[in-house]
6 protein chains.
Amino acid sequence: MSEITANKTALVVSAHSADFVWRAGGAIALHGQQGYQVHIVCLSFGERGESAKLWRKGEMTEQKVKAARREEACAAAEILGASIEFFDMGDYPLRADKEHLCRLADVFRRVQPHFVLTHSQKDPYNYDHPLACNLTQEARIIAQAEGYRPGEPIVAAPPVYLFEPHQPEQCEWRPDVLLDITSVWDKKYQAIQCMAGQEHLWEYYTRVAQQRGVQAKRNVGIASGKNIVYGEGYQSIFPRVTEDLA
Amino acid sequence: MSEITANKTALVVSAHSADFVWRAGGAIALHGQQGYQVHIVCLSFGERGESAKLWRKGEMTEQKVKAARREEACAAAEILGASIEFFDMGDYPLRADKEHLCRLADVFRRVQPHFVLTHSQKDPYNYDHPLACNLTQEARIIAQAEGYRPGEPIVAAPPVYLFEPHQPEQCEWRPDVLLDITSVWDKKYQAIQCMAGQEHLWEYYTRVAQQRGVQAKRNVGIASGKNIVYGEGYQSIFPRVTEDLA
Amino acid sequence: MSEITANKTALVVSAHSADFVWRAGGAIALHGQQGYQVHIVCLSFGERGESAKLWRKGEMTEQKVKAARREEACAAAEILGASIEFFDMGDYPLRADKEHLCRLADVFRRVQPHFVLTHSQKDPYNYDHPLACNLTQEARIIAQAEGYRPGEPIVAAPPVYLFEPHQPEQCEWRPDVLLDITSVWDKKYQAIQCMAGQEHLWEYYTRVAQQRGVQAKRNVGIASGKNIVYGEGYQSIFPRVTEDLA
Amino acid sequence: MSEITANKTALVVSAHSADFVWRAGGAIALHGQQGYQVHIVCLSFGERGESAKLWRKGEMTEQKVKAARREEACAAAEILGASIEFFDMGDYPLRADKEHLCRLADVFRRVQPHFVLTHSQKDPYNYDHPLACNLTQEARIIAQAEGYRPGEPIVAAPPVYLFEPHQPEQCEWRPDVLLDITSVWDKKYQAIQCMAGQEHLWEYYTRVAQQRGVQAKRNVGIASGKNIVYGEGYQSIFPRVTEDLA
Amino acid sequence: MSEITANKTALVVSAHSADFVWRAGGAIALHGQQGYQVHIVCLSFGERGESAKLWRKGEMTEQKVKAARREEACAAAEILGASIEFFDMGDYPLRADKEHLCRLADVFRRVQPHFVLTHSQKDPYNYDHPLACNLTQEARIIAQAEGYRPGEPIVAAPPVYLFEPHQPEQCEWRPDVLLDITSVWDKKYQAIQCMAGQEHLWEYYTRVAQQRGVQAKRNVGIASGKNIVYGEGYQSIFPRVTEDLA
Amino acid sequence: MSEITANKTALVVSAHSADFVWRAGGAIALHGQQGYQVHIVCLSFGERGESAKLWRKGEMTEQKVKAARREEACAAAEILGASIEFFDMGDYPLRADKEHLCRLADVFRRVQPHFVLTHSQKDPYNYDHPLACNLTQEARIIAQAEGYRPGEPIVAAPPVYLFEPHQPEQCEWRPDVLLDITSVWDKKYQAIQCMAGQEHLWEYYTRVAQQRGVQAKRNVGIASGKNIVYGEGYQSIFPRVTEDLA
């Protein structure tokens, strides 16, 4: 699993420019380490809704906030070993039209991802997250259609995983995959520390990783002699196709 | 995946003596082929509830029906490459007491399964099926307890998969795993043909396998160049622990 | 629909001896009027849990309470045009063993019902109700089995409807059938008045009937020119088989 | 039920121009045979998302694809005995504005349907389908409002049935109605054969019909002596109002 | 609890101009009586969808209907002791763009509500209701964001309660709060009587209040010696934070 | 809220002798501090399933394990300020008959609790927990019945709260109450430290308390100026009856 698989790719769609760090930083670093090229799309910078600390500094403008958030996100992506781009669609509220949808479908076509990570389908604390989830799912479907930009290579049926929201039970999110991120925890925590504007979340998401680590250890089957300490939870959208049930 | 893994084992718990054939015959044959030792426990022979054709023959007794059903089940298990045992707990209604529970926990201890297959958690057409499911899950938990027959080696946390009921939507059963059984379909169909008393189901479950095959093909990711024709659906109880999301 | 259909039958299973009146009195009277022979089984008299007024009279014994409740139930059944029998299994808690199950399966065999009415599957206010529901469903399945009392005529697949619990939303009960009981409301209210020990419920269940009546009127299709005033709600367990969707 | 009822009507809303065939062809033919005038609205031709085979022919344009799809759909509608119109709203993604909504509400006013058929409420494989479902439901509500085009006759409360999606369990679709389409299967299969561009689905939907047929047979009540071979499943949105529970 | 708490405020968002009366009139009057300043926003007048009686008068225009509805709503609000404003967004269909969203977020900022009341999240009979619910929830989130109109005081995390829809079970609405409105029932019924155009609902919603009253009485704990006669049910969106579980 | 309310009581039902500490220790200490008399019933000692460390010591018997567990539980209860009793029903599997049910109903009668705490309704990792939940709920219902031990004072309708299971999402447990336990955290952690046999859980449940604390802070309304650091989550069974929605 840890050998170089140069052609493998993954796509992460993040509503705001820090979500991918808290929620999927381990998956990004882990698959990067396994040779995947992971690409991140940030739909917005979270400039309105997730930059409270920056706004409180005074003398702030939306442009300055966005610039600061971009810098943080780029630094985090680099640590995690991923490429990143920004759609700058605005947040609170995030809104998507057909052009945004096609732009994301085009990213699917370009990246040809082997799996996709995005937000949960419900979140009463954050309406931008479900919108990002739906945009991602619909873009994936469009990128699969022969009649969309006919002649281009279509995408296959990459699995979609929903990463953990802030208050999982309230979002009707239920993990059916626990990813062992022990080997890349250092990188994830380094990336988390790039998020200077949200320092109150550093320890919160460290504890999330520890809890999912304990749970992963408890759910693991016989074969594993591994000591899992840190984990990330994911919820699948589609059935997994396999030949091995162990 | 198809290499010999001599120590791998699996456990299948079937409420009646034919359930394992229709619902999990592909998984049994496939893992047998991969070197797993698969063991089947039939809680009852289905002598009352699933032997209509035999009863209509006339001159029938419960003992005769059971004997006929045992023979069919043994023949099917042999074709699928699995060992089999019978608890003879009676059906319609199936009822379990503490002794049955311990007996099954002891099978868990003996087999040390890498994964477990059993029935769905609800079935308004068949109350024996959910009972088998709950008995299996509770036996697995007891076999994990240090204080049950202290000193014996406990079992790890093998994943539990629920196989497909006759009318899936009415049972609130939703497959999150699609198993490609194309390579062993011949064996499964041969095992199905052992069930002389339920010939009306042969074609029904052939079509089930074909539909799950088409669905598996549609859900498969990039890597696969395989031509999936036959499938089996399963619903997981526990989250899967992994290091690879593709 | 209102013509005489002499061979049609229905079975109502009531946990306590008054449930059938509040919850299904309209259906019983309506189908009685249509020529159905409706048979009621009361699993208990509700002597402990639903006879508060009687107990407060003083000088009371369980036997006296049961006798009073039996009398009320018989009077109500007569008004509704149904036959009635009592299993006297005890209440609070109601408990069923294999014998009770077979006894009820035998009633299914004898009555050969065209439809079945019983309690909801959940009720956090009353654990006897779900038990009655499950007992009824399992008895129906057993009565369908060729191997149960071989030689006897088995029952077909009568639809099962769950009648309205006291606090529907808390019981996860959702009506998918609204029965127009306007033409038999007088009978139902007369039967309700037999329940001298629970007078506080008379107006409550009158209002339930009025609300379901208004809702039925709102949900009715084009064809109906009828003025629906009173209704009863039911939740189906099984899909309806039909040739007409209007 | 099979007598001529000249004034009865039904409305089918299909996201793409072939959906109505696979999913509701039996219902259309059956009610046509019973004297209903069934009208089909195709919101799009499925020109992008469901015409892969046509696009692979080469020298293809969206206009050519649409024309080919229109021809197929018209031929199928004719075989099924229904009228058809095309909204040509585009697919992948299908999008609806207030004008489309009013246009469909006006169809409701014109057709005055006794029942309505459309797509499931969720479908992670196809975002156009839930959109069609919601558009249909909202149009129905608007057509019921006295203040929409005041003076026009409003529509009553026709039941809405959701037809079967491609992977039912993944769409949280659960059939509560099984329609016996045995008597019109030949017509449905003939209509299916009009869909030259999706030949891979012919046998898939034949097997769907066979499975629903077996299930209908198993769920049918006493009265029926019929031999059901082919079926279609539907999920109701609203409670059914009735006076007969058998 | 009934002391004057001059700074306490609440916000009610009503899709149509009468919804707040039927569904939340008790809560409004009760909290008004407790010293809360309750503010109502009516997104539309319900001029198309909920004014059938007015339209049937003849010689009617949309403007006249709106004027009549506004008058009724103002009268009701006055009786209930609340302030009211009208967004006049149109109904059947209600549609909201970014401007409406910001307008409502600005109301949140101005009112700084201690709690919020609005519609259920689903309603197959009325698509305007869920839209109002979502608009309210998203406006609340935006009003919490530091970056929305930076410098303005943001809102805290007021609990959101969903009031009772017309057919609760069909809307997947489940009350987890029962409000005792016995002391203000007179006011609520007086407000109800302002709705001259919907007289058929007066008794319906009186019975709703009586049923919820009986249920509240049954669910109340030890401490209460109160005689609850009328109630209103609410469903919470967010967990309640407390230091007392009794 | 923190004044002495000498007559207030609460009941906690714990499947194994440590559950009440991890899951409800904060609630117990907090209400104790508020003057409640909190009584704990441990159905078993968790001697088989939750005493792995003790069994590994060697020279162990079930009696020794039970004695050690009893000692730990008594020490913890004392720290939390609660009384405790042990039913010694056995674990893995826990099983309850009518006598156990009556015994617990009698505790309800004796304690007359203002609220009740117990386990979640589902737990695929632990079948003893749902059994404890159901036993508690049914005992509460029986204790409410006039006809159970007629003449004794019945219990009112105390709210029932389900405490947090080990893997909440897998248990379909969703907190609707977040209890601020910051002021008693020291006591809870002291009680946790009594559980010498399960030291691996100390930090796990510390983090659970911290996460629920952060969430409580985020969900709290305007009025609170408090700094919440530690919390416990609960799920309600019944609707809350109130006169204040803030």
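Rules used in this analysis
Residues numbered from 1 in each chain as written. Chains lettered and ligands numbered in written order. Predicted model: local features only at pLDDT ≥ 70, side-chain atom pairs only at ≥ 80, totals over all residues. Heavy atoms only, no water. Salt bridge = Lys/Arg side-chain N within 4 Å of Asp/Glu carboxyl O. Helix = DSSP H or I, 4+ residues; strand = E, 2+ residues; numbered from the N terminus. Buried < 20%, exposed > 50% of the residue type's maximum accessible area, 1.4 Å probe, protein only. Contact = heavy atoms within 4.5 Å. Polar contact = N/O pair within 3.5 Å; in protein donor to acceptor, adjacent residues only side chain to side chain. Nonpolar A, V, L, I, M, F, W, Y, C, P; charged D, E, K, R; others polar. Least-squares fit on C-alpha atoms with pLDDT ≥ 70 in both. Axes fitted to C-alpha atoms, helices over the stretch in contact; angles between N-to-C directions. Parallel < 35°, antiparallel > 145°, perpendicular 65-115°, else oblique. Left-handed = near helix turned anticlockwise from the far one by under 90°. Phe/Tyr/Trp six-rings, centres within 6.5 Å; stacked < 30°, edge-to-face > 60°. Lys NZ or Arg CZ within 6 Å of the ring centre and 35° of its normal.

Next up on the list: the pattern of salt bridges. Scanning the entire structure with this criterion turns up 78 salt bridges over all chains. Across the pair Arg212 of chain B and Glu164 of chain B runs a salt bridge whose closest N-O atoms are separated by 2.9 Å. Placement of the pair is Arg212 of chain B in helix 7 (residues 202-219) and Glu164 of chain B in the loop between strand 5 (160-163) and strand 6 (177-180), with a sequence separation of 48 residues. Of the residues examined, Arg212 of chain B reaches a relative accessible area of 5% and is grouped as buried. Note on Glu164 of chain B: relative accessible area 8%, which makes it buried. Among the salt bridges present, the one from Lys53 of chain F reaches Glu199 of chain F, with a minimum N-O distance of 3.7 Å. Residue Lys53 of chain F is found in helix 2 (residues 52-55), and its partner Glu199 of chain F is found in the loop between helix 6 (185-193) and helix 7 (202-219); the two are separated by 146 residues along the sequence. Its relative accessible area of 45% is what places Glu199 of chain F among the partly exposed residues. Each of the salt bridges in this network shares a partner with another, and the network as a whole consists of Glu164 and Arg212 of chain A together with Glu169 of chain F.

Our focus in this paragraph is the interface of chain F and chain E. Often the size quoted for an interface is simply the accessible area lost on bringing the parts together. The partner chain E presents 41 residues to the 41 residues of chain F that form the contact. Inspection of the region where chain F meets chain E yields 16 residue pairs in polar contact (both at pLDDT 80 or more). Secondary-structure elements contributing two or more residues to the side of chain F that touches chain E are helix 1 (19-33), strand 4 (115-118), strand 6 (177-180), helix 7 and strand 8 (240-242) of chain F. It is strand 6 of chain F that contributes the most residues to the side of chain F that touches chain E, four residues altogether. Partitioning the side of chain F that touches chain E into residue classes produces 26 nonpolar, seven polar and eight charged.

Before going further, it helps to examine the relation of the copies chain F and chain E. Between chain F and chain E, the superposition needs a rotation of 180° and an axial shift of 0.0 Å, giving an RMSD of 0.0 Å. Taken together, the rotation and translation relating the two chain copies correspond to the operation of a two-fold axis. Relative to the rotation axis, the C-alpha of Asp176 of chain F is the closest in chain F, positioned 4.6 Å from it.

Our next topic: the packing of helix 1 of chain F against helix 3 (residues 62-80) of chain F. Residue and element names in this part refer to chain F. Where helix 1 contacts helix 3, the two axes come as close as 9 Å, and the packing angle between them is 25°. Between helix 1 and helix 3, the interaxial angle falls into the category roughly parallel. Where helix 1 crosses over helix 3, the handedness of that crossing is right-handed. Along its contact with helix 1, which presents Phe20, Val21, Gly25, Ile28 and Ala29, the element helix 3 presents Ala73, Ala76, Ala77 and Leu80. Here the contact of helix 1 with helix 3 is built from residues that sort into eight nonpolar, one polar and no charged.

Next up on the list: the packing of aromatic side chains. The tally for this structure, following the rule as stated, stands at 54 aromatic pairs over all chains. Taken together, a centroid distance of 4.4 Å and an interplanar angle of 5° make the contact between Trp185 of chain C and Tyr230 of chain C stacked. Here Trp185 of chain C is found in helix 6 (residues 185-192), whereas its partner Tyr230 of chain C is found in the loop between helix 7 (202-219) and strand 7 (231-236), with 45 residues between them in sequence. Relative accessible area serves as the criterion here: at 17%, Tyr230 of chain C is assigned to the buried category. Geometry around Phe87 of chain E places Arg103 of chain E over its ring, the cationic atom sitting 3.9 Å from the centre.

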